[in-house]
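Notes for the structure review
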Amino acid sequence: HPIEDALERITHSICTLEFEDQRPFYDWLLGHLADLGLLARPLPKQYEFGRLNLSYVITSKRKLRALVEEKVVEGWDDPRMPTVFGMRRRGYTAASIRAMADASGASKTNIWLDYSVLEGCLRADLEGEAPRAMAVLDPLPLALVNWAAVFGSAEHVEPCQAPAHPQRPELGTRRFGLGAELWIERDDFAETPPKGFFRLFPGNRVRLKYGFVVECIGCEKDASGRVTRVLAAVVPDTKSGTPGADAVKVKGTITWVGRHDALPARVNLYDRLFKEAQPEAGGRDFREALNPASLVVVQGWLEPGLATAAREQRFQFERHGYFVADRVLHSAEAPVFNRITTLKDSWAHSGAG
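All values reported here derive from a predicted model rather than from experimental measurement.

1. A closer look at the pattern of salt bridges
Applying the stated criterion across every chain, the model contains 31 salt bridges. Here Glu170 makes a salt bridge to Arg168, at a shortest N to O gap of 3.0 Å. Residue Arg168 is classed as partly exposed on the basis of its relative accessible area, which comes to 21%. Between Arg259 and Glu181 there is a salt bridge, with its nearest N and O atoms 3.8 Å apart. Within this pair, whereas Arg259 is found in the loop between strand E15 (257-258) and strand E16 (263-270), its partner Glu181 is found in strand E10 (residues 181-185), the two being separated by 78 residues in sequence. Looking at Arg259, the relative accessible area reads 37%, which means it is partly exposed.

The following block contains the structure:
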């Protein structure tokens, strides 16, 4: 170790506290080799710091190897793994990891840093960088029953647009179509709404983001009583960005994608690998703290513009969080997106962990 550091012209050799007792040998060996003319001065110096532990994470190579070999994860580059390739595939940015390190600082004692600090640094980095897109991850059909009457044809597609990024006009404009049949999120409809629910329910009006105001008139159900389709009517002359669009006031706005041009995609909803902040607390087997919901795979419907997304390109799916096109599996023919992180710390808000 000391010889390798010297040959590679390392100036500062940083290690954890358990190596402090070996520093006299480190210095003795390098000093004698330099006196013999075998190494050049100045020589590297070893500095010991406390170990930085991240909550909900284990970093032991032996234990990570066990997760791989036991097929708990899909390999060393599984997006739930705290490895360089795993974090890269998940969509973490180098800037966010450096920001976390800056936030934690250095200590002469072992410390625990909450995982939310890393996620906060990640959101701060992606907020200004990631283009926006609409996506529906728990799809429910919405039919606009008066579409043909308003536009003269059931096949009419109304062009809509939105900024690729609200604070970066240089990224341009997204374009997509609004038709008679849409996908919306299932939780954006409630037949009997709870108090404070401002989205779709019979008799209520909402705005389709970047589109028209619509009024819910009911729903269709299957034999078991599950809602299979929501029915609504377009309110004419309320299209976003047009004169008079704000004449009809609504309290709710929902995201959507048109069924005629929506992009089908596999979406991997990754979460923390462990459900406990310190998976090995009390000497227990870390496997007991595995989070069974660390990966949920869904069939999503995305804005059509994402058909040209490149591998490792990051986006903010509006309302859902930040996502990245998988660096291994994603293709134009079979899109695969991984959730990097949610828009806010859902663990803190739910009390999980």
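2. Topic: the packing of helix H5 (residues 94-104) against helix H6 (residues 115-127)
For the pair H5 and H6, the least separation of the axes is 8 Å and the interaxial angle reads 130°. As the angle between them shows, H5 and H6 are arranged oblique. When the axes of H5 and H6 are compared, the crossing they make is right-handed. Contacts between H5 and H6 involve Ala95, Ser96, Ile97, Ala99, Met100 and Ala103 from the former and Val117, Leu118, Cys121, Leu122 and Asp125 from the latter. Looking at the contact of H5 with H6, its residues break down into 9 nonpolar, 1 polar and 1 charged.

3. Re the side chain of Asp326
With respect to the secondary-structure elements, Asp326 resides in the loop between strand E19 (321-325) and strand E20 (336-341). Among the residues examined, Asp326 registers a relative accessible area of 0% and is labelled buried. Within polar-contact distance, the side chain of Asp326 engages the backbone nitrogen of Leu329 at 2.7 Å. Residue contacts for Asp326: discarding those within four places in its chain leaves Arg89, Arg311, Val336, Phe337 and Asn338.

4. Structural notes on the nonpolar core
The biggest cluster of nonpolar side chains holds 30 residues, and the ones touching the most others in it are Leu142, Leu144, Leu200, Leu208, Val230 and Trp256. Of all elements in the fold, only strand E7 (139-144), strand E8 (158-163), strand E9 (173-178), E10, strand E11 (205-208), strand E12 (213-221) and strand E13 (227-234) reach the threshold of two or more residues within this core. Among the elements that line this core, the one with the most residues is E13, at 4 residues. Not counting residues within four places of it along the chain, the set of residues in contact with Trp256 comprises Met134, Val136, Cys160, Phe176, Gly177, Leu178, Leu182, Trp183, Ile184, Leu208 and Lys209.

5. Looking at the packing of aromatic side chains
As enumerated under the stated definition, the model contains 10 aromatic pairs in all. Taking the centre distance of 4.3 Å and the plane angle of 45° together, the rings of Trp147 and Phe151 count as tilted. Linking Trp147 with Phe151, this pair stays in helix H7 (residues 147-151), spanning 4 residues, or about one helical turn. What makes Phe151 partly exposed here is its relative accessible area of 23%.

6. Points about the sheet that holds strand E18 (residues 314-317)
One open sheet accounts for 7 strands, arranged E5-E18-E19-E20-E16-E17-E6; its pairing is mixed. What marks the edges here is a single partner per strand, and that holds for strand E5 (132-133) and strand E6 (135-136). Judged from the 4 bridges that link them, E18 and E19 form a sheet pairing that is antiparallel. Looking at E19, one finds that Arg314 is bridged to Val324. Sitting on the sheet, H6 is in contact with E5, E18, E19 and E20, with an inclination near 120° to E20.

7. Observations regarding the sheet that holds E11
In space, the 7 strands of this open sheet follow the order E14-E11-E12-E13-E7-E10-E15, with mixed pairing throughout. Two strands in the sheet have a free side with no partner beyond their single neighbour: strand E14 (253-254) and E15. The pairing of E10 with E15 spans 2 bridges and is antiparallel. Across the sheet, residue Leu182 finds its bridge partner in E15, namely Gly258.

8. Quick look at the side chain of Glu185
Position of Glu185 relative to the elements: it lies in strand E10. At a separation of 2.6 Å, a polar atom in the side chain of Glu185 contacts the main-chain amide nitrogen of Leu137. At 3.0 Å, the side chain of Glu185 forms a polar contact with the backbone nitrogen of Asp138. Apart from residues lying up to four places away in sequence, Glu185 is in contact with Ala135, Val136, Leu137, Asp138, Arg319 and His320.

9. Some words on unusual backbone geometry
Along the chain, Arg41 connects to Pro42 via a cis peptide bond; the corresponding omega equals 0°. Among the structural elements, Pro42 can be located in the loop between helix H2 (23-35) and strand E2 (45-49). The phi torsion at Asp237 lies on the positive side, around 60°, for a residue other than glycine. Residue placement: Asp237 occurs in the loop between E13 and E14. What makes Asp237 exposed here is its relative accessible area of 64%. A positive phi angle is found at Glu312, which is not glycine, with a value near 70°. Relative to the elements of secondary structure, Glu312 occurs in the loop between strand E17 (295-302) and E18. Accessibility expressed as a relative area gives 27% for Glu312, which makes it partly exposed.

Conventions used here
Residues numbered from 1 in each chain as written. Predicted model: local features only at pLDDT ≥ 70, side-chain atom pairs only at ≥ 80, totals over all residues. Heavy atoms only, no water. Salt bridge = Lys/Arg side-chain N within 4 Å of Asp/Glu carboxyl O. Buried < 20%, exposed > 50% of the residue type's maximum accessible area, 1.4 Å probe, protein only. Helix = DSSP H or I, 4+ residues; strand = E, 2+ residues; numbered from the N terminus. Axes fitted to C-alpha atoms, helices over the stretch in contact; angles between N-to-C directions. Parallel < 35°, antiparallel > 145°, perpendicular 65-115°, else oblique. Left-handed = near helix turned anticlockwise from the far one by under 90°. Contact = heavy atoms within 4.5 Å. Nonpolar A, V, L, I, M, F, W, Y, C, P; charged D, E, K, R; others polar. Polar contact = N/O pair within 3.5 Å; in protein donor to acceptor, adjacent residues only side chain to side chain. Core = buried A, V, L, I, M, F, W, Y, C linked by side-chain atoms within 4.5 Å. Phe/Tyr/Trp six-rings, centres within 6.5 Å; stacked < 30°, edge-to-face > 60°. Pairing = 2+ DSSP bridges.

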